[in-house]
Every structure is written in C-alpha cells, then in structure tokens.
Amino acid sequence: MATHEADLHPVWLRERSQEAGQVEATNRQRLYTPRDLPADLGIVTAAVTGEDLTVAFTDGHLTHLPLVDLAVALGWAPDPEAPPAPEPWTTPLDPFPYVDWATLGWTAAEADPRAVLAFLTAFFRHGYVVLRNTPAEPGTLRRVADRLGYISGNNFGWIFDVRAEVAPTDLAYTPIELLAHTDQPYRRPIPGIQLLHCVCNEAPGGDSTLVDGLAAAQALERAHPDLHAAVVATEVEWRYDMGTDTVVDRGHLLEYDRFGRFRRIRFNTKLDAAVPRPGDDLDAFYLGRRHLTEWLNDPAHQVTFRLEPGDVMFMDNLRVLHGRTAFDPSRGHRHLQGAYIDHDGPDTMYRLTMRRLRAEHPPTTVRTMR
Ligand SMILES: [Fe+2]
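What you are looking at is a predicted structure, and each value in this text was computed from that prediction instead of being measured.

1. Structural notes on the overall build of the protein
In step 1: When helices and strands are tallied, the protein shows 10 helices and 18 strands.
In step 2: Referenced to the eigenvectors of the C-alpha coordinate spread, the extents of the protein come out at roughly 80 × 60 × 45 Å.

2. Quick look at the sheet that holds strand 9 (residues 208-212)
In step 1: Here we have four strands laid out as an open sheet, ordered 7-17-9-15, and antiparallel in their pairing. A single partner strand is all that each edge strand has here, and the edge strands are strand 7 (178-181) and strand 15 (303-305). Put simply, the sheet's adjacent strands are angled 15 degrees from each other on average, direction ignored.
In step 2: For strand 9 and strand 17 (residues 320-324), the ladder comprises five bridges, and the chain directions are antiparallel. Across the sheet, residue leucine 210 finds its bridge partner in strand 17, namely histidine 322.
In step 3: Against the sheet, helix 6 (residues 213-223) contacts strand 9 and strand 17, and its axis sits at roughly 45 degrees relative to strand 9.

3. Re the environment of glutamine 302
In step 1: Mapping glutamine 302 onto the fold places it in the loop between helix 8 (282-296) and strand 15.
In step 2: Residue glutamine 302 is classed as buried on the basis of its 21 C-beta neighbours within 10 Å.
In step 3: When residues no more than four places from it in sequence are discounted, the contact partners of glutamine 302 are Thr209, Leu210 and Val211.

4. A short note on the environment of leucine 254
In step 1: With respect to the element layout, leucine 254 can be found in strand 12 (residues 254-256).
In step 2: Each C-alpha atom, one on leucine 254 and one on isoleucine 265, is 4.7 Å from the other, the two residues being 11 residues apart in sequence.
In step 3: In this structure, leucine 254 is in contact with Ala217, Val231, Val232 and Ile265, ignoring residues within four places of it in sequence.

5. Focus on the domain arrangement of the protein
In step 1: Domain assignment breaks the protein into domain 1 (10-73) and domain 2 (80-370).
In step 2: For domain 1 and domain 2, the distance between their C-alpha centres works out to 41 Å.

6. Looking at unusual backbone geometry
In step 1: The amide bond that connects aspartate 94 to the next residue, proline 95, takes the cis arrangement and shows omega of 5 degrees.
In step 2: The topology assignment puts proline 95 in the loop between helix 2 (67-73) and strand 4 (98-100).
In step 3: Positive phi outside glycine occurs at arginine 28, with the angle close to 60 degrees.
In step 4: Tracing the backbone through its elements, the reader meets arginine 28 in the loop between helix 1 (10-14) and strand 1 (43-49).

7. Some thoughts on the nonpolar core
In step 1: Counting residues in each nonpolar core, the largest one holds 60 residues, and the members touching the most others are Tyr128, Val129, Leu195, Ala216, Val312, Met313 and Phe314.
In step 2: Apart from residues lying up to four places away in sequence, valine 312 is in contact with Val130, Leu131, Thr134, Leu141, Val144, Leu195, Leu196 and His197.

8. What to know about helix 4 (residues 113-126)
In step 1: Along its 14 residues, helix 4 runs 20 Å from first to last C-alpha, staying within 8% of the 20 Å computed at 1.5 Å per residue.
In step 2: Of the positions making up helix 4, those classed as buried are Val116, Leu117, Phe119, Leu120, Phe123 and His126.
In step 3: Turning to helix 4, the residues buried within the fold contact strand 4, helix 3 (101-104), strand 5 (128-132), strand 16 (312-316) and helix 9 (344-360).
In step 4: Positioned one or two residues after helix 4, glycine 127 has a phi angle of 85 degrees, which is positive.

9. Focus: the packing of helix 6 against helix 8
In step 1: Two elements in contact, helix 6 and helix 8, have axes separated by 10 Å at closest approach and are oriented at 130 degrees. It follows from the interaxial angle that helix 6 and helix 8 lie oblique. For the crossing formed where helix 6 meets helix 8, the hand is right-handed. On helix 8, the residues that touch Ala216, Ala219 and Leu220 of helix 6 are Gly288, His291, Leu292, Trp295 and Leu296.
In step 2: Taken together, the residues of the contact of helix 6 with helix 8 break down into six nonpolar, two polar and no charged.

10. As for the environment of proline 83
In step 1: Note on placement: proline 83 falls in the loop between helix 2 and strand 4.
In step 2: You can call proline 83 buried: it has 20 C-beta atoms within 10 Å.
In step 3: Remark: the alpha-carbon pair of proline 83 and phenylalanine 259, spanning 176 residues in sequence, is separated by 19 Å.
In step 4: Apart from the residues lying within four places of it in its own chain, the contact partners of proline 83 are Leu120, Phe124, Asp347 and Tyr350.

11. Here we look at helix 5 (residues 140-148)
An α-helical turn contains 3.6 residues, so any two residues separated by three or four positions project in the same direction.
In step 1: Looking at helix 5, one finds that the buried residues are Leu141, Val144, Ala145 and Leu148. All buried residues of helix 5 lie within an arc of 95 degrees about the axis, which places them on one face of the element.
In step 2: Packing partners of the buried residues in helix 5 comprise strand 8 (193-201), strand 16, strand 18 (334-341) and helix 9.

Rules used throughout
Every residue gets a number counted from 1 within its own chain, in the order that chain's sequence is written. Whole-chain, interface and lining totals are the exception, using all residues; otherwise, since this is a predicted model, local features are given only for residues with pLDDT of at least 70 and side-chain atom pairs are given and counted only at 80 or more. Helix numbering and strand numbering both begin at the N terminus, where a helix is a DSSP run of H or I of at least 4 residues and a strand a DSSP run of E of at least 2. A strand pair is defined by DSSP finding two or more bridges across the two strands. With axes taken as lines fitted to C-alpha atoms, and helix axes fitted only over the stretch in contact, angles between N-to-C directions fall between 0 and 180 degrees. It is the C-beta atoms, placed from the backbone, that decide contacts: two residues are in contact if theirs lie within 7 Å. The burial label depends on the number of other C-beta atoms within 10 Å of a residue's C-beta. Counts of 20 or more mean buried, 12 or fewer mean exposed, and intermediate counts mean partly exposed, with C-beta atoms placed from the backbone. The domain boundaries here were taken from an automatic or database domain assignment. By definition, a nonpolar core groups buried Ala, Val, Leu, Ile, Met, Phe, Trp, Tyr and Cys residues that are joined through C-beta atoms within 7 Å. To estimate the expected span of a helix, count its residues, drop one, and scale the result by 1.5 Å. Under this scheme an angle from 65 to 115 degrees is roughly perpendicular, one under 35 degrees roughly parallel, and one over 145 degrees roughly antiparallel; angles in between are oblique. Left-handed describes a crossing whose near helix is turned anticlockwise from the far helix by less than a right angle; the clockwise case is right-handed. Residue classes follow a fixed rule: Ala, Val, Leu, Ile, Met, Phe, Trp, Tyr, Cys and Pro count as nonpolar, while Asp, Glu, Lys and Arg count as charged, and any other residue, Gly among them, counts as polar. The directions from the helix axis to the C-beta atoms are what the arc is built from.

Printed below as a string of structure tokens:
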C-alpha cells in the first residue's frame, strides 16, 4: 500500500470538521467565518484512531476526520463520485454513442440508474452523445432539457428554432455550410451544453459534424508549440451585434488553468478579432488559428452523421465543436430546435447516481463501470 506524507495546515483541518455546531445539518455549510477562528490557530494533538484522524486544536475544538475523506481531498484517492475525465478523440467513436431516451426516462424515478451512468460516462469522456427516440414534435426539447439540467436562456430565447429564415439573426438560420464552431463565445457565461432536437430533416444535405476541440489543442501543441503558445497568449474579442442584441466579451481561443489543465475552447471564426498589444506575435497567432481551423475541419478528425426525427444532439459547447453541411431548403423541410443547459445538471446527475448505486451495491461493483 502506498504511503503519503503531507503538511496539513491547522485551518484546513479545522474547517473540515463536521462536528455538531460546525456545519448546518441539512446543507453541510459552515456556520462560522474565517474571522471566528484564532489567527494563530494551532494543533495540540493529532493521531490516527481507527478510521479517523482525531485532532485537538488550540481553540478547544476536537474533531474526528475520516481518513478516507482526507485521502480524497488530498488527491491520494480518486473522488468516487467525480465524473470521468475527458478522453480526446481524433476519429469517429465506434460504436456511435447513441442513447435510447427510454432508458433515461422523463423522471429520475423511472430511469434505469445504470443507463443514466452509461449515458453520462460517454458524455463526460467524449463530449457528446445523441439521444434517440424522443417525440419528434416541436416543444419536446423543453422537457428533455428540464430532465437533464437547468435550461439557460440567451439572446435567441429559451428554445430557438434552427431553420432557414428570410432575415436570419445568425448564419445558423441560413442553409449555408457551417464550419466547426462553438456557440456564443461572446456571452457571459458561454452556454455550457447545447441540445439540438431534430423535428424534421427532409432537405438534401444538412448533415451534422462534430470534432473534438481538446484533441485539436493537443495536436497543435504537439506539432507547433510556439503557435499553440501564441494562441493561448493572444487576447481575442468576440462581438455579436444585431442592433437589438449587442454582446461583447474578451478571452482566449484556448484556455487552461494555472496547472496547465484544459478548461475550454472558444472558437467561432465568424465573430472573433485579435486584440493587438505591443509585443504580441500576431504572425504566430494567425498561423496557429489557421492550423486549428484546418485541423478542426479535416473530415478525418470529424464525425459526420445525420440527425433523424426525434434525435437530440447533446454536446459540450466548451469542448466539442459542431457544424453542418449546406442544405437545400427548396427540396425539403429541415427544422431543429435548440437549447442550452449548464454543466451543473449532468454533473449533479452523475454524482447522485453514483451515490445511489454505491449505497445499493458494494463499491467495487460500481467502480468497474467507470
Ligand atoms: Fe452553432
């Protein structure tokens, strides 16, 4: 068994206490503030007793901290409820990640928890799934979105119609080809997950494409680290301006946290403009953006498929880019409905499903599903 060592701060240990009076019993939120602890808080004694670390503090408090929880908090053991980590993909998944809506159910009570876990595992790993066999009727998407999370309104409405229009408020509402893009990089917050529900898809063309932005970022970093660095460093402004809606935000095409972990891609080349600053290497930025555009729109890296009536494309808008081929609206009707939800919905659904399954079965049984 591996051994670990850590210097643990007295406040860090003190604030983990779940003893009576420390946290509210229902929501487990802390009942005191940093001002209520002595600035010079120290530890009198700390010893392992059974399954706990028992700690006595200089303010007189005594707590028993489960070792298993400390191991998770310190990263020594995986969080058993944490959604799976993303797995970059560069070719279509085989088999295609279809999920039968009937296995998820319209309410948590009628869902098969193992099917829910399988659906969410595929989504968190690959950034997309297609839900099949929902009713192919306008308005269905609202119910689907409500089942999976909290619907997020935006300048196109709570539910928006994607079809060719005479005065389109977005190029999505024309019949032209759409290159791989993420939606609404100009908004705060950027929509987390997009749902596209197919009501009918009878026009020639209009096939859907998806591509992995995480894999694209990794490919650029491997092949051209200097261009990748310029793309990461250069600030970009996105602007959506319809006269009625004017939304502007700044950020970066590729965003990582300070530990180098990928956070998101914002990629929509019809709306972006670099924000030049002295010392910026815009040659490298534009070359890097060109490389990304070519990689993301290379059919070898994309999955192309056709949405059938009742299908719902469910994708991570902070990671996976979507597009579509051109279609001919004079030769058939094409009508999709779209909506966004935040990541909180699938995140909490995964954690609660894991909690339920772990309560019902020995943990080793459930762990094999991940
Ligand atoms: Fe889009």
